[in-house]
Amino acid sequence: MQEWLIGLDQVFQWSNLLLLFLGVLIGLTFASLPGLNNITAMVLMMPFCFEMDPIPAMIFMAAIYGGGIHGGCILAILFRIPGEPQSVCTCFDGAPMAAQGKSGEALGIAFLFSSLGGLFGVIACIICAPILGRIALMFGPTDYFAFVFFGLCVASCVGATSPLRGLISACAGLMLSLVGVSPGSGVLRYTADIHILAMGIKYVPIIMGVFAIAELFKMVMEGKTAAEGEFTGSGVPTWMVNIPSLSFIRKAFKTYIRSSFVGTLIGFLPGAGATASSFVSYGLEQKYSKDPSSYGKGNPLGIVASETANNASYGGAMIPMLTMGIPGSSSTAVMLGILMLKGITPSPEVFMSMPNLVYSVFVAMVVINFIMFGESLFFGRLYLNLMKLPRSVICFIIVTFCVVGTFSLRSSIEDVWIMAIFGVIGYIMMKCDFPVASLVLGVILGDMAETSFIQSLDMAGSPNPLVFFSTPVSASLMIIGVLVLIWPVLKKIYGRRKAVAA
Amino acid sequence: MKREVKICLALMVVAAAMFFVSFTFPEASIWAAASDDRPYQTGVGTWPRVVCVTMFILCGLLVLNETLFASPRDTQAERLVEQEAAERSLQRDPNLRYHILAFASTFFAYMILLLPLGFAIATILFAIVVVLILPSGSLGKGKCLAISFSVSIIVVVLFCRILYLPLPRGMGIFRELSQAIIF
């Protein structure tokens, strides 16, 4: 109890509160601008942390990290530009809601449930940190491969009329991740002596292309640029961020709880992170919803699932970093770097040896979620006013933001061309009903899948596929993944037999 | 032949090509010690082959499904839906074909000219051309042009001058012109 009081005392000092407000503002700003993200923000602010004491430095970095995860939904909803991979699923229902004139409502839902999801993740982190940290270490390569397989199976059902098309998209994503340097051995593959391919095809141009640019092509092809101000839904479009009503919160409560659990549990796996948690959460919610066909067409619960999970993973990702010194993501790697600069090595004993630091960070993480909600309302209103512009101007803004976001990655014009090509590919995929989400997840998880696949077989000492069923976790995930895929087929066969019998 | 079938056949060809190319990658045995006790090592080409074979099988299943099991009624219904969607698009925008061609040309021209002209000049030109070629609705071309030009200047100043993002500066005379606009 005393440690909590010390933590509260530390966080609620004027200087630390100012750092919290500033950090969230910086994180939100960087996440809502293309070409920038929360890792860039954290790295840029690192020099300021050199002169700070460990507690203010960690509080500042945690605030930037939290703000960064929170801010990715703004562009995803308004312009269908998922600046970060974890905002991809928010696009699926957020962008259609914006097209229906419900931008304010979509942003309000995203902001509220991001904060609530973040709060859940932080509380789970506080309660379970020592235990979950040890469990994270028990995950071996076979478990990671099974997790990737499970994630791809669930994602194949997201936005697809049939899981087979989703799997083909996912496989295409895995094939794209093969281009470049192979992880572990450093051999160049499928590069055809082209310099840019030797560095691999990054997921940022692909995401910008298949989501934002493809949607732009779709808008032009369907003649929607002629209809400024016309929205497909009924009602007058609103230019305020609408905080969801109590009745909606009650309706979304179960989705919130499930997504929070998924986000926290997946977030604590090092390397898995916010992206996988948002995909898995969205896929599961769609699958078990009473009206799965409404997902991807502006169902607010889709935004709840995605944003809750990706923010809940924020607390989960801190667990392995604080307890084991294993960063769960690039952002926590930066935070770990700061701790080590201050001469602090995270370990399971850190709760005993440095309770002031740990509990101050926990209290800060709780407070951050409230500050995020407040500051994002301001940002949301700022961006919402951009939507009043004519469609032709919005087209230009989307293209420019995508070019900036893509070019800034490696200062390479080839990445911009890759984005343009994937814009065309994304449009063709949309017309032919192949889900782009699975393609993106395949690209993102491709390296992890290959590394864990190779390590699993090398540790087994033979190319035996049964090694992926050797642990309870891997066997369960593989079987559940297969069931998720074949469930629609089984349901269809059972339905036909029932009809014949009747 | 349906579009999906064509795409799947193309993917099968790509997967087969990648499968055969994977045999040209240097394998682990090249570096392993010449000893009978050397431990098993998964080769560089193993995972690509697994992915390519999986892709080939999945595409094959979809091709079979679409050619053997798809009912003609479903195919006809899909064609009707597409025709109706095309008619609705033409109703919204009678000059649709011109707008599509013009926008696609402008978009790809912007991608190509980004490096030689620089981000500042290319973006401003793109902003103006997009407003000229696409419908402006109730606001009118003049107002839309003014808004677009202002927004493009704000975007250029924000990313190049305030945030100092590394964006193309152009070549030759366009580089000097870009510097003049930004600074």
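Just so it is clear, the structure is predicted and the values come from calculations on it, not from any experiment. (Residues numbered from 1 in each chain as written. Chains lettered and ligands numbered in written order. Predicted model: local features only at pLDDT ≥ 70, side-chain atom pairs only at ≥ 80, totals over all residues. Heavy atoms only, no water.)

In terms of regular secondary structure, chain B is built from seven helices and zero strands. For chain B, the succession of helices and strands along the chain, N to C, is α-α-α-α-α-α-α. Taking as baseline every contact in chain B between residues at least 6 positions apart, the subset at least 24 positions apart corresponds to 59%. (Helix = DSSP H or I, 4+ residues; strand = E, 2+ residues; numbered from the N terminus. Contact = heavy atoms within 4.5 Å.)

Attention shifts here to the confidence of the model for chain A. Mean pLDDT for chain A: 82, with 90% of residues reaching 70 or above. Note on residues 227–236 of chain A: pLDDT is under 50 here. Beyond four places in sequence and across chains, it has 18 contacts. (pLDDT = per-residue confidence, 0-100.)

According to the stated counting rule, one finds six salt bridges over all chains in the structure shown. Notably, a salt bridge pairs Asp415 of chain A with Arg410 of chain A, separated by 2.8 Å at the nearest N-O pair. For the pair Asp415 of chain A and Arg410 of chain A, a shared accessibility class is recorded, and that class is buried. The network of salt bridges with common partners includes Arg165 of chain A together with Glu4 and Glu66 of chain B. (Salt bridge = Lys/Arg side-chain N within 4 Å of Asp/Glu carboxyl O. Buried < 20%, exposed > 50% of the residue type's maximum accessible area, 1.4 Å probe, protein only.)

It is worth spelling out the environment of Gly118 of chain A at this point. Residues and elements named next belong to chain A. Looking at where Gly118 falls in the secondary structure, it is placed in helix 6 (residues 103–137). When its relative accessible area of 0% is taken as the criterion, Gly118 is described as buried. In the structure, Gly118 is positioned 194 residues away from Ala312 in sequence and 4.5 Å away in space, judged by C-alpha atoms. Each residue touching Gly118, except ones within four places of it in the same chain, is listed here: Asn311, Ala312 and Asn369.

So, on to the nonpolar core. With 216 residues, the main nonpolar core has Leu20 and Met61 of chain A together with Phe103 and Phe119 of chain B as its most contacted residues. The leading source of residues in this core is helix 4 (residues 54–78) of chain A, at 17 residues. When neighbours within four sequence positions are excluded, Leu20 of chain A is seen to be in contact with Val11, Ile59, Ala63, Ala364, Val367, Ile368 and Ile371 of chain A. (Core = buried A, V, L, I, M, F, W, Y, C linked by side-chain atoms within 4.5 Å.)

Facing 66 residues of chain A, the contacting portion of chain B comprises 67 residues. Taking both sides of the interface into account, the surface hidden between chain A and chain B amounts to around 5600 Å²; carbon and sulfur atoms contribute 82%. Looking at the side of chain A facing chain B, the largest losses of area belong to Met175, Tyr190 and Phe396 of chain A, adding up to 12% of the total buried there. At the surface where chain A touches chain B, the tally comes to two salt bridges. Remark: the boundary between chain A and chain B carries four residue pairs in polar contact (both at pLDDT 80 or more). Mapped onto the side of chain A that touches chain B, the elements with two or more residues apiece are helix 8 (163–177), strand 2 (188–189), helix 10 (203–221), helix 17 (391–410), helix 18 (413–431) and helix 19 (436–460) of chain A. With twelve residues, the single largest contributor to the side of chain A that touches chain B is helix 17 of chain A. Residues of the side of chain A that touches chain B, tallied by class, amount to 46 nonpolar, twelve polar and eight charged. (Buried area = accessible area lost by both parts, 1.4 Å probe. Polar contact = N/O pair within 3.5 Å; in protein donor to acceptor, adjacent residues only side chain to side chain. Nonpolar A, V, L, I, M, F, W, Y, C, P; charged D, E, K, R; others polar.)

The final tally for this structure, using the stated rule, is 26 aromatic pairs over all chains. Plain terms: the ring middles of Phe253 of chain A and Tyr256 of chain A are 6.3 Å apart, the flat faces sit at 45 degrees to each other, and that makes the pair tilted. With a gap of three residues between them, Phe253 of chain A and Tyr256 of chain A both fall in helix 11 (residues 246–267), about one helical turn apart. Judged by its relative accessible area of 46%, Phe253 of chain A is partly exposed. Three or more aromatic residues joined by ring pairs make a cluster, and in this case those are Phe113, Phe120, Phe248, Phe253, Tyr256 and Phe261 of chain A. The ring of Phe434 of chain A has Arg165 of chain A sitting right over it, with the charged end atom 5.6 Å from the ring centre. Positioned above the aromatic ring of Phe23 of chain B, the side-chain terminus of Arg49 of chain B is 4.2 Å from the ring centre. (Phe/Tyr/Trp six-rings, centres within 6.5 Å; stacked < 30°, edge-to-face > 60°. Lys NZ or Arg CZ within 6 Å of the ring centre and 35° of its normal.)

Take unusual backbone geometry next. Residues and elements named next belong to chain A. If you check the backbone angles, Tyr190 has positive phi at about 50 degrees while not being a glycine. Here Tyr190 shows up in the loop between strand 2 and helix 9 (195–198). Note on Tyr190: relative accessible area 16%, which makes it buried. Notably, Asp193 is not glycine yet its phi reads approximately 60 degrees, a positive angle. Within the secondary structure layout, Asp193 lies in the loop between strand 2 and helix 9. Overall, Asp193 belongs to the exposed group, its relative accessible area being 79%.

Looking at the element boundaries, Ser178 of chain B is found in helix 7 (residues 173–182). If near-sequence neighbours (up to four positions away) are discounted, Ser178 of chain B is found in contact with Leu117, Gly118, Ala120, Ile121 and Arg169 of chain B.

Inspection of the secondary structure assignment puts Ser22 of chain B in the loop between helix 1 (3–21) and helix 2 (46–69). Taking the relative accessible area as the measure of exposure, Ser22 of chain B reaches 0% and is therefore buried. With near-sequence residues (within four places) excluded, Ser22 of chain B lies in contact with Tyr190 of chain A together with Glu27, Gly45, Pro48 and Arg49 of chain B.

With respect to the element layout, Pro390 of chain A can be found in the loop between helix 16 (355–384) and helix 17. A sequence separation of 105 residues divides Pro390 of chain A from Glu285 of chain A, and the C-alpha atoms of the two residues are 35 Å apart.

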